[in-house]
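# Summary of the model geometry
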Amino acid sequence: MNKIVKILLIVIGLLAAVLWFSLPSADDPGAINSGSMNFMFIIMYILLAIAVVTSVVFGFAKLFSTKGSLKKALFAIGGLAIVVAISYGLSSDNMAVVEAMSERGVETTEGTVKNIGMGLNVFFILTLVAVVLMVVPGLKRMFVK
């Protein structure tokens, strides 16, 4: 199986190299419709699908085969859901932002502004948690010997 995968990867790499050198120049207005460009995108989508499917399959296989990992995964998903709920509660649907965006020609709603605020709050909270989880053990090791 390993040899088949290696041979398949070599063939795909050679095909991609041939397609790369047969690409039209950037000055060509019909470059976006070229056959080699379309085939390169097809190869990219196929490889992306293979990567996603294998990572999901092997991830679930590891999740269900290791004892206690399902419980840890559910705790992590629950923690993320709590962070998202807190972030949604902290975000505001400020009308001033909606009006400022509409002045610039971008149509937004209060819900869109609230969702963007929620996403930013999730990012900030998770960044803060990551920094605390990196700094606290280092400080603990430094002072407690």
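Residues numbered from 1 in each chain as written. Predicted model: local features only at pLDDT ≥ 70, side-chain atom pairs only at ≥ 80, totals over all residues. Heavy atoms only, no water.

## Regarding the packing of helix α3 (residues 69–90) against helix α5 (residues 110–143)
Direction vectors running N to C along α3 and α5 enclose 130°, while the axes themselves pass 8 Å from each other. The angle between the axes of α3 and α5 places the two elements in the oblique class. Considering only the axes of α3 and α5, their crossing is right-handed. Residues Leu80, Val83, Val84, Ile86, Ser87, Tyr88 and Leu90 of α3 form the contact with α5, whose participating residues are Lys114, Asn115, Met118, Asn121, Val122, Ile125 and Leu126. Counted by class, the contact of α3 with α5 contains 10 nonpolar, 3 polar and 1 charged residues. (Axes fitted to C-alpha atoms, helices over the stretch in contact; angles between N-to-C directions. Helix = DSSP H or I, 4+ residues; strand = E, 2+ residues; numbered from the N terminus. Parallel < 35°, antiparallel > 145°, perpendicular 65-115°, else oblique. Left-handed = near helix turned anticlockwise from the far one by under 90°. Contact = heavy atoms within 4.5 Å. Nonpolar A, V, L, I, M, F, W, Y, C, P; charged D, E, K, R; others polar.)

## Digging into the UniProt feature "transmembrane region" (unreviewed entry) in the chain
According to UniProt, the "transmembrane region" (unreviewed entry) feature falls on residues 42–61, 73–91 and 118–139. As annotated, residues 42–61 comprises 100% helix and 0% strand, and the C-alpha atoms at either end are separated by 28 Å. Here residues 73–91 is 95% helix and 0% strand, with 27 Å between the C-alpha atoms at its ends. (UniProt positions renumbered as here; feature names shortened; annotations may be inferred.)

## Notes on the side chain of Ser91
Residue placement: Ser91 occurs in the loop between α3 and α4 (95–103). Assessed through its relative accessible area of 7%, Ser91 is described here as buried. A polar atom in the side chain of Ser91 sits 2.9 Å from the backbone oxygen of Tyr88. (Buried < 20%, exposed > 50% of the residue type's maximum accessible area, 1.4 Å probe, protein only. Polar contact = N/O pair within 3.5 Å; in protein donor to acceptor, adjacent residues only side chain to side chain.)

## Things to note about a nonpolar patch on the surface
A cluster of nonpolar side chains, namely Phe41, Met44, Tyr45, Leu48, Val52, Val56, Phe60, Phe64, Leu70, Leu74 and Ile77, defines an oily patch on the protein surface of about 1100 Å² accessible area. Mapped by element, the contributors of at least two residues to the nonpolar patch are α2 (35–65) and α3. Looking at the secondary structure, you find Leu48 in helix α2. In this structure Leu48 comes out as partly exposed when scored by relative accessible area, which is 48%. (Patch = residues over 30% accessible without salt bridge, like charges linked within 9 Å, V, L, I, M, F, W, Y side chains within 5 Å. Areas by Shrake-Rupley, 256 points an atom, 1.4 Å probe, with all protein chains shown as cover. Salt bridge = Lys/Arg side-chain N within 4 Å of Asp/Glu carboxyl O.)

## Some thoughts on the confidence of the model for the chain
In the predicted model, the chain carries a mean pLDDT of 87, and the fraction of residues at 70 or more is 99%. Within the chain, α3 carries the highest mean pLDDT (94), whereas α4 carries the lowest (79). (pLDDT = per-residue confidence, 0-100.)

## Digging into the packing of aromatic side chains
Throughout the structure, instances matching the rule amount to 3 aromatic pairs. Taking the ring centre of Tyr88 as reference, the NZ or CZ of Lys114 above it sits at 4.8 Å. (Phe/Tyr/Trp six-rings, centres within 6.5 Å; stacked < 30°, edge-to-face > 60°. Lys NZ or Arg CZ within 6 Å of the ring centre and 35° of its normal.)

## Things to note about the environment of Gly78
Structurally, the position occupied by Gly78 is in helix α3. C-alpha separation for the pair Gly78 and Val144, spaced 66 residues apart in sequence, amounts to 33 Å.

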